[in-house]
There are 2 protein chains.
Amino acid sequence: MKTLLLSKNDVAQCLDMESVIVAVEEAYKTFQRGMVTQPAIQGMSMEKFHAAMDVKTCNNNDTDQMSMKIVGLYPGNAKGEGKYKTSEGGILPNMMGNLILSDAQTGATIAIMDSSLITGIRTGAAGAVSAKYMSREDSKVAAVFASGAQARNQIYAVSLVRDLEEVRVYDKFGTPEGFAAYKEFIESKTKAKVIICDTVEEAAKGADILVCPTPSREAYLMADYVKPGMHIIEVGTDADFKNELEPAVFGKADKIVCDSIAQCIVRGDTQNAIKGGAITKDDIYGEIGEIVLGLKPGRESAEEITIFDTTGMAIQDNTTAASCYEVAVKKGIGSWFEFI
Amino acid sequence: MKTLLLSKNDVAQCLDMESVIVAVEEAYKTFQRGMVTQPAIQGMSMEKFHAAMDVKTCNNNDTDQMSMKIVGLYPGNAKGEGKYKTSEGGILPNMMGNLILSDAQTGATIAIMDSSLITGIRTGAAGAVSAKYMSREDSKVAAVFASGAQARNQIYAVSLVRDLEEVRVYDKFGTPEGFAAYKEFIESKTKAKVIICDTVEEAAKGADILVCPTPSREAYLMADYVKPGMHIIEVGTDADFKNELEPAVFGKADKIVCDSIAQCIVRGDTQNAIKGGAITKDDIYGEIGEIVLGLKPGRESAEEITIFDTTGMAIQDNTTAASCYEVAVKKGIGSWFEFI
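The structure contained in this document is the topic of the report that follows. (Residues numbered from 1 in each chain as written. Chains lettered and ligands numbered in written order. Predicted model: local features only at pLDDT ≥ 70, side-chain atom pairs only at ≥ 80, totals over all residues. Heavy atoms only, no water.)

1. A closer look at the overall build of chain A
Link 1 in the chain: When you go through chain A residue by residue, the secondary structure sums to eleven helices and 16 strands.
Link 2 in the chain: Taking 340 residues into account, the globule formula puts the C-alpha radius of gyration at 20 Å, and chain A, at 19 Å, falls close to it.
Link 3 in the chain: Seen through its principal axes, chain A has C-alpha atoms that stretch 60 × 45 × 40 Å.
Link 4 in the chain: Long-range contacts, defined as pairs at least 24 residues apart, comprise 73% of the intrachain contacts of chain A with a sequence gap of at least 6. (Helix = DSSP H or I, 4+ residues; strand = E, 2+ residues; numbered from the N terminus. Rg over C-alpha atoms; globule rule 2.2 N^0.38 Å. Contact = heavy atoms within 4.5 Å.)

In C-alpha cells form, the structure reads like this:
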C-alpha cells in the first residue's frame, strides 16, 4: 500500500488558518463527545542541546484515524549547530518533527508529514477558537508578549475571528529586525496596526485580548495589568517548569477554561495557579469543547475576565493532519512510498 | 536534508538475528548505565477492531539518537478486513507500524522505517540475551507455547546462544498447517528437532528453556510444571490484562530478572505475581542490564529456576533501528525523501 509523504513545503500548500480553525473546533467537539482515545504525552529533554520534544498520540474514534506526532524545539538550529541542512542548504528551523497518520482498523500508515507547521498553525487556531467564544465581540486591541512564529500565528488567527485594529507587541528578547519583520507580517495579513512596546505593562494596558506564547520560566503577566473584559490566551506554558501568568491572574478570572483539564493541571499555567494557591481545580470553569458544543456558555458579560489555558492536544494534530492529507490528495501534492 | 525510508522488505535485508542480539545487549547496557531517557509507553486499544497499539519513545544519550516507534496488532488483517493491501496485493500482516529515528541535537529525521520486523526480531533477541546469561549452558530442550511469528523468533534466537536439540511446541490455537510450517522453519534454521505437543504440561516437562510468547489473558504455565534448572522467558504479557504464568511460578523462582522493573511491575507478568501475592517487588533480583554488565551474576548453579520478564523497551528499538539504518546506508538500500 502507498503512504503519502508530505514535506514542510507540501504541508504549507495544504493548510490555511481558516480551515485549521475549523479542524481545531472539530477536534474540541470530538474530544468533548468522548470520541478521542488520547494517552498521556511523552516528553523528553536533551539537556546537552537545550532541546526538548514531545510525542502526542491519539485515536479519533469518529474517523478511525490514529495520529502520532513528534515535535521538538532545538534552539541550536538557529545558531547553525549540528550537521544537517534544509533541502535548500539553509539552517534547520528550531521546530522539527514528523507526524504519522494511520488507519485504526488495519494500522496502515496513510501519511507521514512534517509536523512543525501543523503544530504552529493548529496552536494559533486554538487561541482563535477561544477568542471566538470567550473574548468580547468588540475586541479591537490585542497584546502579544513575543515576536516569533507562534506570536504571528496567534495574532493572525485571532484577526480572523475578531476585527483587530491594534496589535501591541512586547518581546524581552526582541531585536529591531525581528520587530520590523513581525510588524510587516501582521500589517500585511491583517487590518491591524502594530505597536512595539517597551514593557509588558505598556502592551497589556487596556488591551482586549492578551496572548502569552513564550517559553518563560518566570511569571511576567501580573494581576495588576489584568482588567475587566480581557480575554487571556495562555499558550506558552506547556511543561511543569514553565510559567507566564502570575497565579493571582487566575484568582482574578471569572472563567478559566482549559483545552484538557487533565493536561493543564499538569503541564499548563493552571498548574502554577493551583500550586500558588490562587485557585483549586474546582475553580476551573470547564473545557473549551463544552463551550464550542454549547453545553456551557462562553463569555456572558462585557466585564468578565476569561482565561483560555491550552497545552495542545493530540486530537488537534489529528484533525489538522487529516485535513492536510485530504487537501494534498485532492491537489496531487506530495510523494508516495510503499512501506509494506 | 534527506531522510532514509525503509520498507518492510528493506528492513528484512538489513537485519539478521545475530546482529540484533548484539544491538539488544548494547541496549540493555546503555539503559543500565543510565544513558537512556525513556518516557512511559503510550498505549491505545481500538476495541471496535479488537486492535491495540503502543508508542515507545526514547533517547539514546550515548549516540544522541531518538526513536519513536508505533506498532500494533490488528487481528482483522489476517481476515482480510479493511481496504488496504500490501504492495504485492496481499492481505496486510497483523503487526503493523513505523519507526522514526532522529538526531537529538537538531531533531532531524534520519530515517523512517517499517517497525513490525524490528519489533519481532528485537523481541526474539531479548529472549536469547536472557538465555545466554541465565539458562544452563547445557540447555538442549526448549518448549514454546505458540507457533506464530514470535515463537519462531524466540526459538531461532535462543538456538544462536544454546545448542538446542529439541523444540517442543504447544499452541492452543494451532492448526496442522501452522505446526507444519513452524516445524519446517525451525528445522531448516536450527539443528533442533520439533515435536508437536498436545498439552502445556507435555511440552514443559523436562525442558530446559520455556518460552511464553502468547497474548493469553489467563495463566497456563503452572508451578507444578516448573522444575529446578529451568529458565523461563516470559515475553507475551505486556499489558495489565494479560497473564501467562501462574503467580506461584514466580514464587518458586530463584532469580526473577526484568528488562525494566518499572515496566514489568505495571505491564509484565511480574505485576500478576505481585498482585497474586506470590512475590513482592523486593523479590525481583534485578534488571538484565545489570547481568550483561557483570554487576550481578546471572545463573549461579544448575538447580536455579530463573525467569526473565520482558515487556520490551524503546531502547531496544532504538539500537536495532540504528543498526538497520547503518547497514542500509552501507548497502545502498531504501529510498530518500526530503521532509525539510
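2. Observations concerning the sheet that holds strand S15 (residues 306–309) of chain A
Residues and elements named next belong to chain A.
Link 1 in the chain: In space, the eight strands of this open sheet follow the order S10-S9-S8-S11-S12-S15-S13-S14, with parallel pairing throughout. Pairing within the sheet leaves two strands with one partner each, and these edge strands are strand S10 (193–196) and strand S14 (286–287).
Link 2 in the chain: In terms of strand pairing, strand S12 (residues 231–234) meets S15 through four bridges, oriented parallel. Its bridge partner lying in S15, Ile-232 is registered against Ile-307.
Link 3 in the chain: The strands that helix H5 (residues 176–189) touches are strand S8 (141–144), strand S9 (166–169) and S10; relative to S10, the one it contacts most, it runs at about 160°. (Pairing = 2+ DSSP bridges. Axes fitted to C-alpha atoms, helices over the stretch in contact; angles between N-to-C directions.)

3. Quick look at the state of the cysteines
Link 1 in the chain: This model, assessed by the stated rule, comprises zero disulfides over all chains.
Link 2 in the chain: The thiol sulfur of Cys-264 of chain A is not disulfide-bonded, and the nearest other cysteine sulfur, from Cys-258 of chain A, lies at 4.0 Å.
Link 3 in the chain: By relative accessible area, Cys-264 of chain A is classed as buried at 0%.
Link 4 in the chain: In this structure Cys-14 of chain B is not part of a disulfide, and its nearest cysteine sulfur, from Cys-324 of chain B, lies 4.6 Å away. (Disulfide = S-S within 2.5 Å. Buried < 20%, exposed > 50% of the residue type's maximum accessible area, 1.4 Å probe, protein only.)

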